[in-house]
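Here is how the chains run, residue by residue.
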Amino acid sequence: MSETPDSPIVAAPQRAWRDWVGLAARLVLGVVLLLAGGLKLGNLEESVYAVRSYRLLPYEVTAPLGYGLPILEVAVGLLLIVGLFTRVAALVGALLMIGFIVAIASVWYRGISIDCGCFGGGGEVDAAKALASYPWEILRDVGLLACASWLLIRPRSALALEDRLFPPVDIH
């Protein structure tokens, strides 16, 4: 019997490493979102202030966003960590990362010196500190966007709750 790329003997190892990469992507993105949102939940007024510091949105929009963003981050982080509704959670995570990248790039371009407020805090900081941190914050969020992108393409991963609740159907 010859082995083909579709045979279980060849395909199983490929599935295994992809499942573990998916688990790593879920945990990295999920833990970061959970921590970021959780640290802001204790002081939602500070979260609103951080959103306003970007000077991107109308004032009326900043309060709902500042209050809602930490809750959304925690919810998406938890879904990713347990592996439930992974593709939807990854989509929301990807959209969050794109928004964060655009916002940080925007203040960098406009010469506004703020703490990103990513893990609490926010507001104006020393220009040298801001200029030194913006590239690293963008790089971090690009890495998290890569994790979300992997999960959008391949949402199934090792140790995911959705595999227990909604096992793949074998139609062969």
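Shown above is the structure to which this text applies.
Because the structure is predicted, anything quoted here is derived from the model rather than measured. (Residues numbered from 1 in each chain as written. Predicted model: local features only at pLDDT ≥ 70, side-chain atom pairs only at ≥ 80, totals over all residues. Heavy atoms only, no water.)

A. Summary view of the overall build of the protein chain. Counting its secondary structure elements, the protein chain contains six helices and two strands. Listing each helix as α and each strand as β along the protein chain from the N terminus yields α-α-α-α-β-β-α-α. Counting only C-alpha atoms and orienting by the principal axes, one finds that the protein chain spans roughly 70 × 30 × 20 Å. For the protein chain, restricting intrachain contacts to residue pairs at least 6 apart in sequence, the fraction spanning at least 24 positions comes to 71%. For the protein chain, the exposed area adds up to about 9,900 Å²; of that, 71% sits on carbon and sulfur atoms. Taken as two groups, the 13 positive and 15 negative side-chain charges of the protein chain have centres that lie 3 Å from each other. (Helix = DSSP H or I, 4+ residues; strand = E, 2+ residues; numbered from the N terminus. Contact = heavy atoms within 4.5 Å. Areas by Shrake-Rupley, 256 points an atom, 1.4 Å probe, with all protein chains shown as cover. Lys, Arg positive; Asp, Glu negative; His and termini not counted. Charge placed at Lys NZ, Arg CZ, Asp CG, Glu CD.)

B. Structural context of helix α3 (residues 59–82). In this model, α3 (24 residues) spans 36 Å end to end at C-alpha, consistent with the 34 Å of a helix rising 1.5 Å per residue. In α3, a bend of some 30° at Gly68 exceeds every other bend along the element, and Pro70, a proline, comes one to four places later. Taken as a whole, α3 has its buried residues at Thr62, Ala63, Gly66, Leu69, Pro70, Glu73, Val74, Val76, Gly77 and Leu80. (Expected span 1.5 Å × (residues − 1). Bend = angle between axes of the 7 residues up to and from the residue. Buried < 20%, exposed > 50% of the residue type's maximum accessible area, 1.4 Å probe, protein only.)

C. The arrangement of the pattern of salt bridges in detail. Scanning the entire structure with this criterion turns up five salt bridges. We note a salt bridge from Arg154 to Asp19, for which the minimum N-O separation is 3.0 Å. On the criterion of sequence distance, the pair formed by Arg154 in the loop between α5 (127–153) and α6 (161–165) and Asp19 in helix α1 (residues 8–41) is long-range, its members being 135 residues apart. Of the charged contacts, one joins Lys40 and Glu73 as a salt bridge, the two residues approaching to 2.9 Å between their closest N and O atoms. Taken together, the positions of Lys40 in helix α1 and Glu73 in helix α3 put the pair 33 residues apart, joining distant regions of the chain. Each member of the pair, Lys40 together with Glu73, is buried. (Salt bridge = Lys/Arg side-chain N within 4 Å of Asp/Glu carboxyl O.)

D. Representation of the packing of aromatic side chains within the structure. According to the stated counting rule, one finds three aromatic pairs in the structure shown. Ring centres of Trp108 and Tyr134 lie 6.3 Å apart, and the angle between their planes is 50°; this geometry places the pair in the tilted category. You can see Trp108 sitting in helix α4 (residues 86–110) and its partner Tyr134 sitting in helix α5, a full 26 residues away along the chain. (Phe/Tyr/Trp six-rings, centres within 6.5 Å; stacked < 30°, edge-to-face > 60°.)

E. Expanded view of the state of the cysteines. Per the stated rule, a full pass over the model turns up one disulfide. With its sulfur 2.2 Å from that of its partner, Cys116 forms a disulfide with Cys118. Accessibility expressed as a relative area gives 13% for Cys118, which makes it buried. Lacking any disulfide linkage, Cys147 is separated from the closest cysteine sulfur, that of Cys118, by 16 Å. (Disulfide = S-S within 2.5 Å.)

F. Fine view of the nonpolar core. Core analysis: the largest hydrophobic core is formed by 16 residues, its most contacted members being Leu29, Leu33, Leu80, Leu96 and Met97. Going through the elements one at a time, α1, α3, α4 and α5 are the ones with two or more residues in this core. Grouped together as the second largest cluster of nonpolar side chains are 12 residues, Ile101, Ile114, Tyr134 and Ile138 included. (Core = buried A, V, L, I, M, F, W, Y, C linked by side-chain atoms within 4.5 Å.)

G. Seen up close, the packing of α3 against α4. Viewed as axis vectors pointing N to C, α3 and α4 meet at an angle of 140°, and their least axial separation amounts to 9 Å. Our classification of the angle between α3 and α4 gives oblique. Here α3 runs over α4; the crossing is left-handed. Between α3, through Leu69, Leu72, Glu73, Val76, Leu79 and Leu80, and α4, the contact on the second element is made entirely by Thr86, Ala89, Ala90, Val92, Gly93, Leu96 and Phe100. Looking at the contact of α3 with α4, its residues break down into 10 nonpolar, two polar and one charged. (Axes fitted to C-alpha atoms, helices over the stretch in contact; angles between N-to-C directions. Parallel < 35°, antiparallel > 145°, perpendicular 65-115°, else oblique. Left-handed = near helix turned anticlockwise from the far one by under 90°. Nonpolar A, V, L, I, M, F, W, Y, C, P; charged D, E, K, R; others polar.)

H. Seen up close, the side chain of Ser53. Examined against the element boundaries, Ser53 turns out to sit in helix α2 (residues 44–53). Residue classification places Ser53 among the buried positions, given a relative accessible area of 8%. Every residue in contact with Ser53, bar those within four places of it in the chain, is listed here: Ile112, Ile114 and Gly123.

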